[in-house]
Amino acid sequence: MQHGIHPAYGPVVFRDTAAGSVFLTRSTATSTKTVEWEDGNTYPVVDVEISSVSHPFYTGTARVLDTAGRVERFERRYGRPEAK
């Protein structure tokens, strides 16, 4: 790794605004806001709208789209192309 060209990599607190959960991890993300963590240290905090705690894929609430029904509706509405 070349010195001086990479961003600083350190502990950052991410706060999920949708679910209200917070977690401490290491990242290159920066912020001017800080928060005092459970260990007594102060870390920069980054607010995110969605994380693995609130994302439908990870929570199991993802919906499956009915693609077959959509194709059938399209064919009824506009007709099926005739074979040559």
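Thresholds applied
Residues numbered from 1 in each chain as written. Predicted model: local features only at pLDDT ≥ 70, side-chain atom pairs only at ≥ 80, totals over all residues. Heavy atoms only, no water. Helix = DSSP H or I, 4+ residues; strand = E, 2+ residues; numbered from the N terminus. Contact = heavy atoms within 4.5 Å. Pairing = 2+ DSSP bridges. Axes fitted to C-alpha atoms, helices over the stretch in contact; angles between N-to-C directions. Salt bridge = Lys/Arg side-chain N within 4 Å of Asp/Glu carboxyl O.

Asks: Could you clarify how one ought to interpret the overall build of the chain in this entry?
Replies: For the chain, the helix and strand inventory stands at 2 helices and 4 strands. Once local pairs closer than 6 in sequence are excluded, the contacts in the chain between residues at least 24 apart make up 35%.

Asks: Whenever I open this one, the sheet that holds strand 3 (residues 34-36) confuses me. Can you help?
Replies: Paired through their backbone hydrogen bonds, the strands of a sheet run either parallel or antiparallel. Strand order in the open sheet formed by 4 strands is 2-1-4-3, with mixed pairing between adjacent strands. Strands at the two margins of the open sheet, each flanked by one partner only, are strand 2 (22-27) and strand 3. Across this sheet, the average inter-strand angle for adjacent strands is 45°, counted without regard to direction.

Asks: Help me understand the pattern of salt bridges, please; the structure alone is not making it clear to me.
Replies: Close approach of charged atoms allows side chains with opposite charge to pair. Under the definition given, this model contains 2 salt bridges. The salt bridge partner of Arg 15 is Asp 47, with a shortest N-O separation of 2.6 Å. Of the two residues, Arg 15 sits in strand 1 (residues 10-16) while Asp 47 sits in strand 4 (residues 42-48), which places them 32 residues apart along the sequence. Close ionic contact of Asp 47 with Lys 33 constitutes a salt bridge, the shortest N to O distance being 2.7 Å. With Asp 47 in strand 4 and Lys 33 in the loop between strand 2 and strand 3, this residue pair connects regions lying 14 residues apart in the sequence. Each of Arg 15, Lys 33 and Asp 47 takes part in one network of salt bridges that share partners.

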